[in-house]
Amino acid sequence: MPANPQASAPGDLPESPAPEPALAVVVVAAGAGTRLGHGIPKALVPVAGEPMLAHALRGAVAAGVARQLCVAVPADDDELAAVCLSFAEELAARGTPLDVTVVRGGQARADSVRAALGALQPGTAHVLVHDAARPFTPPDAFRRVATALRHGATAVIPAVPVVDTIKSVAATVGETSYLADEIVTGTPAREQLRAVQTPQGFDAAILLHAHETASAWPAERAAAITDDAMLVESLGLPVYVVPGDARSLKITTPMDLRLAEMLVETPSAAQETL
C-alpha cells in the first residue's frame, strides 16, 4: 500500500524518493492480559464492542505505509486468528491490496516478534513492531516512524516527554529496613527522559539479526529486554526518537481500559485527560 503523500516527517526532512522500500507492520497480540482480569487473551478483550486487536489493525492500515500485516497471536488461540481472518476479508471487500499473515507467538514477547519476522514477505526492507495493546495509536505516529526509516534511520521509536519526577530506588537494608521496603538512590533529569511507545521501526535485516543474536543470550539477560529497540541498542547502533502521541496509551489495567473507552466515546476530551 503506498504511503500517504501528506505523511508528517520529523524535523525538516525532504520528501523521500520513489519507489519506497517495502514495509511490513508486525502486530504483537500474544499477551495473556492477566492484569485486565477478563480471563481471555488481552488482544481479544472488547473495547467499544470490538476486540482490541481489531482497533489496532485498523489503525495500522489507516496509516497507509504497509504492504503486509503480520500478526502474532497466542499459540493455542483460534479466536484471535479468526479476528485476523475477518479483518483480511474486510480489506478484500474494500479492494485494499494488503497481505494479512497470522503466526503463532511464543512464551515471551521476543519469541512472538521473532516468529513474525520469519514470516515477512521477501524483499521487506523495513518493519514496524506494534503492540495490539495500543489500539488507538493515530496513523500519523506510524507515518512519522516510517518516514524516518525511509530517510535512512535503521531504528526509530516514538516517545513522549515524562511529566512525573522519576526516582531510582534500591531495596532497603540494614538497621532502617523496617521503615520502608525501598530507598531512593537518585533522581534522573526529567528533561532527558522519554516514555517509549509503539510502533517501533527498524531496518528489517538489522532487527532480525538482533533477535537472532539475543536468542543465544542467558535467560536472565534476555528477560531484561523490554522492547525491540533495546536489542538494536545492544548491537551498538543508534536508535532515533520521533514524537509519540498521548492517544497511544497501552492497555494493561482496568483503568487503562476505561481510558481507552473514553477515546472512543469522546476523543477530544480523552486526549486532554491523557
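Residues numbered from 1 in each chain as written. Predicted model: local features only at pLDDT ≥ 70, side-chain atom pairs only at ≥ 80, totals over all residues. Heavy atoms only, no water.

## Re the overall build of the protein chain
Here comes step 1: Across its full length, the protein chain carries nine helices and 12 strands.
Here comes step 2: Out of the 274 residues in the protein chain, the part that is buried amounts to 45%.
Here comes step 3: Element-wise, carbon and sulfur atoms account for 55% of the exposed surface of the protein chain, whose accessible area totals about 13600 Å². (Helix = DSSP H or I, 4+ residues; strand = E, 2+ residues; numbered from the N terminus. Buried < 20%, exposed > 50% of the residue type's maximum accessible area, 1.4 Å probe, protein only. Areas by Shrake-Rupley, 256 points an atom, 1.4 Å probe, with all protein chains shown as cover.)

## Quick notes on the side chain of D131
Here comes step 1: Structurally, D131 can be placed in strand β6 (residues 126-131).
Here comes step 2: Once residues lying within four places of it in the same chain are set aside, the contact partners of D131 are V28, R109, T198 and K250. (Contact = heavy atoms within 4.5 Å.)

## Focus on the packing of helix α3 (residues 109-117) against helix α5 (residues 204-214)
Packed helices, taken two at a time, are described by their axes: the angle between them and the distance between them.
Here comes step 1: Following both chains from N to C, one finds α3 and α5 inclined at 135°, their axes separated by 10 Å at the closest point. Considered as vectors, α3 and α5 are oriented oblique to each other. The crossing of α3 and α5 is left-handed. Here α3 contributes A110, V113, R114 and L117 to the contact with α5, which in turn contributes L207, L208 and H211.
Here comes step 2: Split into classes, the residues belonging to the contact of α3 with α5 amount to five nonpolar, one polar and one charged. (Axes fitted to C-alpha atoms, helices over the stretch in contact; angles between N-to-C directions. Parallel < 35°, antiparallel > 145°, perpendicular 65-115°, else oblique. Left-handed = near helix turned anticlockwise from the far one by under 90°. Nonpolar A, V, L, I, M, F, W, Y, C, P; charged D, E, K, R; others polar.)

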